[in-house]
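# Observations on the model geometry
Chain by chain, the residues run as shown.
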Amino acid sequence: MMGWCCSGICRALALLALLLPLQERGCWGLNPSSGDLERSPHSDPDPWDVLHRHKRSWVWNQFFVLEEYTGNEPLYVGKLHSDVDKGDGKVKYVLSGEGATSIFTIDENTGDIHATKRLDREAQAYYTLQAQAVDRLTNLPVEPKSEFVVKVQDINDNEPKFLDGPYLAGVPEMSPLGTMVVQVAATDADDPTYGNSARVVYSIIHGQPYFSVEPKTGVIRTALPNMDRETRDQYVLVIQAKDMVGQMGGLSGTTSVTVTLTDVNDNPPRFTHKSYQYTVLESLPVQSVVARIKAADADIGSNAEMDYRIMDGDGPGMFNITTDEDTQEGVIILLKPLDFETKSSFSLRIEATNRNIDSNFLSLGPFSDTTSIRVTVEDVNEPPVFSAPLSKMVVSEDAKVGTSIGRVSAHDPDTSNSAIRYSIDRNTDLERFFNVDALSGVISTAKPLDREANSVHNLTILAIESQDPTQIGKGISLITVLDINDNAPVFAIDYETLLCENALPGQVIQTVSAVDKDEPLSGHRFYFALAAPVAGNLNFTLRDNKDNTASILTKRGGFRRREQPVYRLPVLIVDSGSPALSSTNTLSVRVCDCDSDGVALSCGAVAYTATGLSTGALLAILGCIITLLVMVLLIVTMRRRRKEPLILEEERDIRENIVRYDDEGGGEEDTEAFDMVTLRNLNVIRDPSVRRDVTPDTPTFFHYTSATRPSYKSLPDNVVFREFIWERLKDADVDPSAPPYDSLQTYAFEGSGSVAESLSSLESLSTDSDQNYDYLTNWGPRFKKLADLYGNSDGTSVFS
């Protein structure tokens, strides 16, 4: 049988029965009946029953090892021993399970168990191991394997911590003593079932005498009654939690609790003054703000909301007061216009009342207050006022110019009672139909009126103070023009009447009606009849329908378009006015070819099919012939006036631009146009022997031999320029300093008709020319270039 003992206990195995009262340390043993290790149950102690703890039953199958051991030597845990072991070294002890060999080691000869590492109960509270005794030689077990537990014994190495801190809490102001604010809780990682390491008590370090904390529960309560938010609205408490039941040597932790006093309606509104005085101008518009007042209330939020009302005052209905929900001000609004001359001051009594009253604080009331307000009206210079802002007048449209229609009246409402002058706003009477007397205000006609053009005139009358012309009052005069019978009736529309050739006698071919621009009060009544010249015609008759319409009927049948395609019927229309007016309106009746249903197929004159041409056709043909003759004459005349072409032969036509695309340079100058008109004027040279040309401004670099140089004087007139140009082109091609231009220069020709004659040196092509240009050097700086080109004494030609 193998036994397990703590240090020092194995030596007194016989006395184990006497060690039952031991409470803190124990040994493990083998149950003699089963041979297995078993743990005795034990009950949890009361955490606050420090002096009277329950005694724990003895447990034989567990060892205890102290956590956080900091010694230099391995910590002795316990000893294993088997009855088979006779001390001769034949038995070997083997340890397996959690932490075997890594944390716990065993002496295989003696069975002593040691902990080689520092243990932390908060990381792992116990380890389950298996022990076995084996034969050293054969490694066969000499006893069955048994299991035991190494429990890490707690020490107070963890301080209490407030995991939910810091705390924010609120409590209503004026709360009774002991009102709960918030509950704080601290946790301790130490073993709550062993000792007092995890037993925490709470205390308040900062926050007295306003608040207190219950030591066991951590509940924070108010310690003073009637704390006033308006005096102080926030407190910061420091709460401490200490283990070991607060005894000396215990560990502690702290947290902060911010307590805010929430508002209650414990302050009534109060006006800072018992009376207020405001001044407004009498011109203040209706619905404008007269004044703003506010009753002071130390509360906030809904507890400071107020309602204002006007209790009494003079001028009922003149003012109203509302609450500005943002500022809780009382806003006094003007409801009716002010008039300094009628009443210059008003007195009001205003009451402010809390909207949300707390019945718990009625003793602090009343929660309302009153004040007096005096509103003084200041006089302003007001514009004139019309006695009737809208005056209605009537005038007949046949009224003569200067007829008086009516009178307007205005007065100065100010005490000065300034004189008034009247005028018409011409923007409302652009055509100036009316005038107003500046002093009396009498309105009269200035032009003849026409009701049919404008039946109502809406005039704006201006009343201007004589002393202050900037003060202008406005009134409206509505003038209605009365109608007279001055317009005759006419056809309502332009009628298009069609008459079938097969129409029968007595057939209605048209119904006509009339309109009249006049508007009699009793309505229109028109009378229709055929005009006297055609009243007895044999073709048509008229029937008055007595409803402002008339019907046109045929008297006969057998109408023919060939005989008469159109009939014109004068109809007389008379109105019922006094005096009556009439007009004659012509109704055109076109004769048409109709089908059997009376639908017109073709109307108007019938075309004749004669073989000869009509007069109109002959006139049209004659007009075309005359037009062609005139055009021919114009063309001939223009050709006669056209000048002869400058060049008659096609081969003599030399283009104005000679462009060569054999280099890249030149830019815009590549397309420079040259006037070559003078090259075309060869035929106007009367005397070829006196032809003079301009010497080129750059010397030639292409040298002709005497045998190859052309004789310009011997060339024909139409060839000399062409040869000269090609010669200059060859010079440019072989000249390395020539600019990269694709166009040739212009060579002007003065012609034999020039007064100044030509400066060209083409006459003296030979080197023996006796022409001398040395005199150019005496002509000034403007001829310096010519002097440099032609003034050399050797007389070398540019063609040499």
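Scoring rules and cut-offs
- Going along each chain's sequence as written, the residues are numbered from 1 onward.
- pLDDT decides what is reported in this predicted model: residues at 70 or higher carry local features, side-chain atom pairs at 80 or more are listed and counted, and totals for whole chains, interfaces and linings draw on all residues regardless.
- For the side-chain quantities, the full set of heavy atoms in the structure was used; hydrogens and water were omitted.
- A pairing counts as a salt bridge when a side-chain nitrogen of Lys or Arg comes within 4 Å of a carboxyl oxygen of Asp or Glu.
- Strands are runs of DSSP state E lasting at least 2 residues, helices are runs of H or I lasting at least 4, and numbering of each runs from the N terminus.
- Partly exposed describes any residue whose relative accessible area lies between the buried limit of under 20% and the exposed limit of over 50%, with all areas from a 1.4 Å probe on protein chains only and scaled to the type maximum.
- Only buried Ala, Val, Leu, Ile, Met, Phe, Trp, Tyr and Cys residues count toward a nonpolar core, and they belong to the same one when joined by side-chain atoms within 4.5 Å.
- Between two residues, a contact is recorded if the distance between any of their heavy atoms is within 4.5 Å.
- Two strands qualify as a pair provided DSSP detects at least 2 bridges between them.
- Lines fitted to C-alpha atoms define the axes here, with helix axes fitted over just the stretch in contact, and angles between the N-to-C directions of these axes take values from 0 to 180 degrees.
- Between the rings of Phe, Tyr and Trp (Trp by its six-membered ring), a pair exists once the centres lie within 6.5 Å; its type follows the angle of the planes, with under 30 degrees stacked, over 60 edge-to-face, and the other angles tilted.
- For a Lys NZ or an Arg CZ to count as sitting over a ring, it must be within 6 Å of the ring centre and within 35 degrees of the ring normal.
- When charges are tallied, Lys and Arg are placed among the positive residues and Asp and Glu among the negative ones, while His and the ends of the chain are skipped.
- Identification of polar contacts relies on pairs of N or O atoms within 3.5 Å, with a donor-acceptor requirement for protein atoms, meaning one able to donate a hydrogen and the other able to accept it, and with residues adjacent in sequence counted only if both atoms are side-chain atoms.

Further remarks concern the pattern of salt bridges. Enumeration according to the criterion identifies 18 salt bridges in this entry. Between Glu-230 and Arg-229 there is a salt bridge, with its nearest N and O atoms 2.8 Å apart. Arg-229 is the salt-bridge partner of Asp-263, the closest N and O atoms lying 3.0 Å from each other. One end of the pair, Asp-263, is in the loop between β15 (252-262) and β16 (270-271); the other, Arg-229, is in the loop between β13 (219-222) and β14 (234-242), with 34 residues separating them in the sequence. Given the relative accessible area of 11%, Arg-229 is considered buried. Residues joined in a network through salt bridges with shared partners are Glu-305, Asp-307, Glu-325 and Arg-355.

Within the largest apolar cluster, 23 residues are counted, with the highest numbers of intra-cluster contacts made by Leu-499, Phe-528, Phe-540, Val-571 and Leu-587. Elements supplying a minimum of two residues to this core: β36 (508-515), β37 (527-530), β38 (540-544), β39 (549-554), β40 (566-574) and β41 (582-594). If you tally residues by element for this core, the top one is β40, at 4 residues. Phe-540 has contacts with Leu-499, Ile-509, Leu-530, Ile-552, Leu-553, Thr-554, Lys-555, Phe-559, Tyr-567, Leu-569 and Val-589, leaving out every residue within four places of it along the chain.

Moving on: the sheet that holds strand β4 (residues 91-97). On the basis of which strands lie adjacent, the open sheet formed by 4 strands has the order β2-β8-β7-β4 and mixed pairing. Single-partner strands in this sheet number two, and they are β2 (62-66) and β4. Neighbour-to-neighbour, the strand axes of this sheet turn through a mean angle of 30°, independent of strand direction.

On to the packing of aromatic side chains, then. Counting across every chain of the model gives 12 aromatic pairs. Measuring from centroid to centroid gives 5.5 Å for Phe-211 and Tyr-235, while their planes differ by 70°, and the two rings are edge-to-face. Of this pair, Phe-211 sits in strand β12 (residues 211-213) while Tyr-235 is found in strand β14, placing the two residues 24 residues apart along the sequence. For the pair Phe-211 and Tyr-235, a shared accessibility class is recorded, and that class is buried. Judged by centre distance (5.7 Å) and plane angle (80°), the ring pair of Phe-559 and Tyr-567 falls under edge-to-face. The class for Phe-559 is buried, based on a relative accessible area of 0%. Taking relative accessible area as the criterion, Tyr-567 reaches 8% and is therefore assigned buried. Put simply, the rings of Tyr-210, Phe-211 and Tyr-235 touch in pairs and so form one group of aromatic residues. Of note, Arg-232 hangs over the ring of Tyr-210, and the distance from its end group to the ring centre comes to 5.5 Å.

Attention shifts here to the environment of Pro-144. Summarising the element assignment, Pro-144 is placed in the loop between β7 (126-135) and β8 (146-153). Judged by relative accessible area, which is 66%, Pro-144 ranks as exposed. Each C-alpha atom, one on Pro-144 and one on Ala-131, is 8.9 Å from the other, the two residues being 13 residues apart in sequence.

Now for the side chain of Asp-299. Considering the arrangement of structural elements, one finds Asp-299 in the loop between β19 (295-296) and β20 (306-313). No salt bridge forms around the buried Asp-299; measuring N to O, its nearest opposite-charge neighbour Arg-229 is 4.8 Å away. Polar contacts involving the side chain of Asp-299 include one to the side chain of Asn-267, which spans 2.8 Å. If we ignore the near neighbours within four places in the chain, the residues touching Asp-299 are Glu-173, Arg-229, Glu-230, Asp-263, Val-264, Asn-265, Asp-266, Asn-267 and Ala-304.

Another point: the sheet that holds β13. In a beta sheet, neighbouring strands pair by backbone hydrogen bonds and run either parallel or antiparallel. Read from one edge of the open sheet, 3 strands run β10-β13-β12, paired in antiparallel fashion. Across the chains shown, the open sheet's two edge strands, defined by having one partner strand only, are β10 (180-183) and β12. Within this sheet the neighbouring strands show an average axis-to-axis angle of 20°, counted without direction. Bridge analysis of β10 against β13 gives 3 bridges, and the strand direction is antiparallel. Its bridge partner lying in β13, Val-182 is registered against Ile-220.

Take Val-571: it is sitting in strand β40. Sequence spacing of Val-571 and Ala-532 is 39 residues, and the spatial spacing of their C-alpha atoms is 9.3 Å. What Val-571 contacts, discounting residues up to four positions off in sequence, is Phe-491, Phe-528, Ala-529, Leu-530, Leu-542, Ser-583, Thr-584, Asn-585 and Leu-587.

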